[in-house]
Amino acid sequence: MPESQEMQYRPLGRTGFNVSVAGLGTGGLSRMGQATHQDRDASKRLVGRALDLGINLFDTAPAYGDAETILGEALRGVPREDYLLATKVRWSDAAGILSESKMIESCEQSLQRLGVDCVDVLQFHGLLLPLYREAVDRLYPAAV
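Residues numbered from 1 in each chain as written. Predicted model: local features only at pLDDT ≥ 70, side-chain atom pairs only at ≥ 80, totals over all residues. Heavy atoms only, no water.

So, on to the overall build of the protein. When helices and strands are tallied, the protein shows 4 helices and 8 strands. Helices and strands appear in the protein in the N-to-C order β-β-β-α-β-α-β-β-β-α-β-α. Computed over the C-alpha atoms, the radius of gyration of the protein is 16 Å, within 12% of the 15 Å expected from 2.2 N^0.38 for a compact globule of 144 residues. Across its three principal directions, the C-alpha atoms of the protein cover 50 × 35 × 25 Å. (Helix = DSSP H or I, 4+ residues; strand = E, 2+ residues; numbered from the N terminus. Rg over C-alpha atoms; globule rule 2.2 N^0.38 Å.)

Written out as structure tokens, the structure is:
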């Protein structure tokens, strides 16, 4: 994006949050550089550059290797009101839909890796349609 253009923002549904039309995801093939350049400092500079450009939405997940930790380190010292964090939570394991306590444990581990007290958007990662209603009914109350 050319420096002369200003970032545009839009409401995020009915959340009351205004988010940049471009966000920074930490997954994909690169997984925030973990699968390509493998230079954590370069990954942190990428986050700084995104902030400089006005990006305020960062999406991550425990399934993206060390992305939550790298992102948390990169955002350390940035005022919390300057960005929104979206992460994901496991909703199942080999035994099926997680218990509420295991889901909460997964969330707490993400918070620790990110170095924050809360995330702004919590998503059930890879939730399958046939199990959607049961998983949401069981886990959503514990997530809020």
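The structure having been displayed, the exposition proceeds.
Turning next to unusual backbone geometry. One can expect most non-glycine residues to show negative phi and most peptide bonds to be in trans. The backbone of Arg31 sits at a positive phi, close to 50 degrees, despite the residue not being glycine. Tracing the chain through its elements places Arg31 in the loop between β3 (24-25) and α1 (40-52). Look at Arg31 and you get partly exposed, because its relative accessible area is 33%. In this structure, Gln38 is a non-glycine residue whose phi angle is positive, near 55 degrees. Relative to the helices and strands, Gln38 is located in the loop between β3 and α1. (Buried < 20%, exposed > 50% of the residue type's maximum accessible area, 1.4 Å probe, protein only.)

If you want to describe how two helices pack, look at the angle between their axes and the distance between the axes. Packing of α1 against helix α2 (residues 67-75) leaves a shortest axis separation of 9 Å and a crossing angle of 55 degrees. Accordingly, the angle class assigned to the pair α1 and α2 is oblique. For the element pair α1 and α2, the recorded crossing hand is right-handed. Contacts from Arg40, Ser43, Lys44, Val47 and Leu51 in α1 reach Thr69, Ile70, Leu71, Glu73, Ala74 and Leu75 in α2. Per-class residue counts for the contact of α1 with α2 are 6 nonpolar, 2 polar and 3 charged. (Axes fitted to C-alpha atoms, helices over the stretch in contact; angles between N-to-C directions. Parallel < 35°, antiparallel > 145°, perpendicular 65-115°, else oblique. Left-handed = near helix turned anticlockwise from the far one by under 90°. Contact = heavy atoms within 4.5 Å. Nonpolar A, V, L, I, M, F, W, Y, C, P; charged D, E, K, R; others polar.)

The end-to-end C-alpha distance of helix α3 (residues 100-114), which contains 15 residues, comes to 21 Å, matching closely the 21 Å that a straight helix rising 1.5 Å per residue would cover. Of all the residues in α3, the buried ones are Met103, Ser106, Cys107, Ser110 and Leu114. Buried residues along α3 cover an arc of 95 degrees about the axis, so they all sit on one side. Turned more than 90 degrees away from the buried face of α3, the exposed residues are Ser101 and Gln112. Those residues of α3 hidden inside the fold are in contact with α2, β5 (84-89), β8 (121-124) and α4 (132-143). Just downstream of α3, Gly115 is the residue with a positive phi angle, here 75 degrees. (Expected span 1.5 Å × (residues − 1). Arc of directions from axis to C-beta.)

Scope: geometric values only; no functional claims are made or implied.
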